[in-house]
Structure formats: C-alpha cells, structure tokens
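Here's the letter readout for the chains.
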Amino acid sequence: DQQVKQNSPSLSVQEGRISILNCDYTNSMFDYFLWYKKYPAEGPTFLISISSIKDKNEDGRFTVFLNKSAKHLSLHIVPSQPGDSAVYFCAASGREYGGSQGNLIFGKGTKLSVKP
Amino acid sequence: DAGVTQSPTHLIKTRGQQVTLRCSPKSGHDTVSWYQQALGQGPQFIFQYYEEEERQRGNFPDRFSGHQFPNYSSELNVNALLLGDSALYLCASSMTGLADQETQYFGPGTRLLVL
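Residues numbered from 1 in each chain as written. Chains lettered and ligands numbered in written order. Predicted model: local features only at pLDDT ≥ 70, side-chain atom pairs only at ≥ 80, totals over all residues. Heavy atoms only, no water.

Draft legend 1. Quick look at the state of the cysteines. This model, assessed by the stated rule, comprises two disulfides over all chains. Two residues, Cys23 of chain A and Cys90 of chain A, share a disulfide whose sulfurs are 2.0 Å apart. Its S-S torsion of about -70° marks the bond between Cys23 of chain A and Cys90 of chain A as left-handed, since a negative value means left-handed. Residue Cys23 of chain A is located in strand β3 (residues 19-25), and its partner Cys90 of chain A is located in strand β9 (residues 86-93); the two are separated by 67 residues in the primary sequence. Taking relative accessible area as the criterion, Cys90 of chain A reaches 0% and is therefore assigned buried. In this model Cys23 of chain B forms its disulfide with Cys91 of chain B; the gap between the sulfur atoms is 1.8 Å. Taking the sign of the S-S torsion, -60° for the link of Cys23 of chain B and Cys91 of chain B, the bridge is left-handed. Of the two residues, Cys23 of chain B is situated in strand β3 (residues 19-24) and Cys91 of chain B in strand β9 (residues 87-94); the sequence distance between them amounts to 68 residues. The residues Cys23 of chain B and Cys91 of chain B share a single accessibility class, namely buried. (Disulfide = S-S within 2.5 Å. Helix = DSSP H or I, 4+ residues; strand = E, 2+ residues; numbered from the N terminus. Buried < 20%, exposed > 50% of the residue type's maximum accessible area, 1.4 Å probe, protein only.)

Here's what the structure looks like:
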C-alpha cells in the first residue's frame, strides 16, 4: 500500500505560468516532507522541504504548501521555465522509525514539461 | 565542495553473481542511506548507516548488505543477483541532528543491469 501518492504521472505547462504538483500521504506520523527534481541519468536533486509544524515554505520560485488535515502537500513553481522540465518526486519521513529522521518514502513522481 | 559521489556509474552482471557499489558522502555528512529505483517508480529505501552501523532497514532480503567506513563512505553489496535486481541504486547522505539539517542529498546513482 502506497503511503505517498502522486496521482498525476505528467503535467504540461506553458512557460511563465504556474506549475502545481500535488502529493497525498496516508501516514499521520510523517513529520517532514521534501520535493526532489530528477533529470534523466542523474540522481534526485533536493528542491525544498517543509516540517509538519509549518503550512508553507518558500524558496525563490518554489513554494511548498502543507495541509495536514487533508494529508496533502503541493509544490508551486512560479514562473515556470523550460529548464524546470523534469520528474518531480514527493517524499516523506517520520521519526517513529528510531529518533532521528527516518528513511524517505517516495511517490512515483510527476513528469513536468514546460513548453516555451 | 564535492557532493555525493558513487562508483561505478554503470555495471553489467549475470544472475548469481555478486556486486559491490560504493558511495562517498557530501563533506560534513555522517549518515548514508541507500535506495533502489526501478524504472517508472520512486526510490525505495534499502538501509541507512550511521556510526558504522546499520540503523534502519527497509523491506529488502538479506542478500542486500552494507558497510560504513570510519571516513563515512559506504558500500552496498548484493549477493546472488536476480534479474529483478536490475535498477538504479542511489546513495544519499545527510547529517544526523536537527530535523532541518537532516535533508538527504543524493548521488548520481549506479545503473545495474543483471542479465
């Protein structure tokens, strides 16, 4: 049973517009959430994270929103650029696994295409 | 400042063989985690090493084992390779401590093909 779900396998957006990538989770013990970007033949690159004590975190063009009651988070990219085209992974972890940050549970990813 | 490095980049093995993958963490990091990423899937956690000991383990058989050295680098060993072990193997490093310092940073991965 998937604990982290990205229900949209792909998303296409026009350059300059907003990209919104969504992620749902089922485990209420998760307390740390991250977004990674992955280009082909490369490892995932860390983008932005959010702790469960916050509902928003912003870093430049990237903003992550967390809705704990809905067990939902989203990544907003504004404005979108062609170089943002990649696969985006949502990941979550919790401290019930042993005190320190636990292993990351990943979604299956959403492929974002930003068209010029 | 070098990021996470992994070697080799690609590897081809046959069923039943054994393989060793290597990882050097980002400077200042003391924790190494290994993940397996099959095609079209997100990375799946194999295990995590801290202070030269396996601290956490995912749902992988005992054929998967690892080691962490005093300089924090790590190895992943897979014995009795199966066709299904073909995947991208990712190493991630982090620093155990406060939550916002424990972000895991990934290396480029080792692509393993088992024939």
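Draft legend 2. The arrangement of the sheet that holds strand β8 (residues 74-78) of chain B in detail. Residues and elements named next belong to chain B. Overall, antiparallel pairing links the four strands, which are arranged β1-β3-β8-β7 in an open sheet. The outermost strands of the open sheet, each flanked by one partner alone, are β1 (5-7) and β7 (64-68). This sheet shows a mean twist of 20° between the axes of neighbouring strands, independent of strand direction. (Pairing = 2+ DSSP bridges. Axes fitted to C-alpha atoms, helices over the stretch in contact; angles between N-to-C directions.)

Draft legend 3. Quick look at the pairing of strand β6 (residues 53-57) of chain B. Residue and element names in this part refer to chain B. The pairing of strand β5 (residues 44-50) with β6 spans four bridges and is antiparallel. In the sheet register, Phe47 faces β6, and the bridge partner there is Arg57. Connecting β5 to the next strand, β6, in antiparallel fashion are two residues, including Glu51 with a positive phi near 50°.

Draft legend 4. The interface of chain B and chain A, seen in detail. Taken together, the contact pairs 24 residues of chain B with 20 residues of chain A. Taken over both partners, the interface formed by chain B and chain A buries close to 1,700 Å², and the fraction arising from carbon and sulfur atoms is 52%. Three residues, Gln56, Glu102 and Phe106 of chain B, lead the burial of chain B against chain A; their summed loss comes to 27% of the area buried on that side. Linking chain B to chain A there are zero salt bridges. (Contact = heavy atoms within 4.5 Å. Buried area = accessible area lost by both parts, 1.4 Å probe. Salt bridge = Lys/Arg side-chain N within 4 Å of Asp/Glu carboxyl O.)

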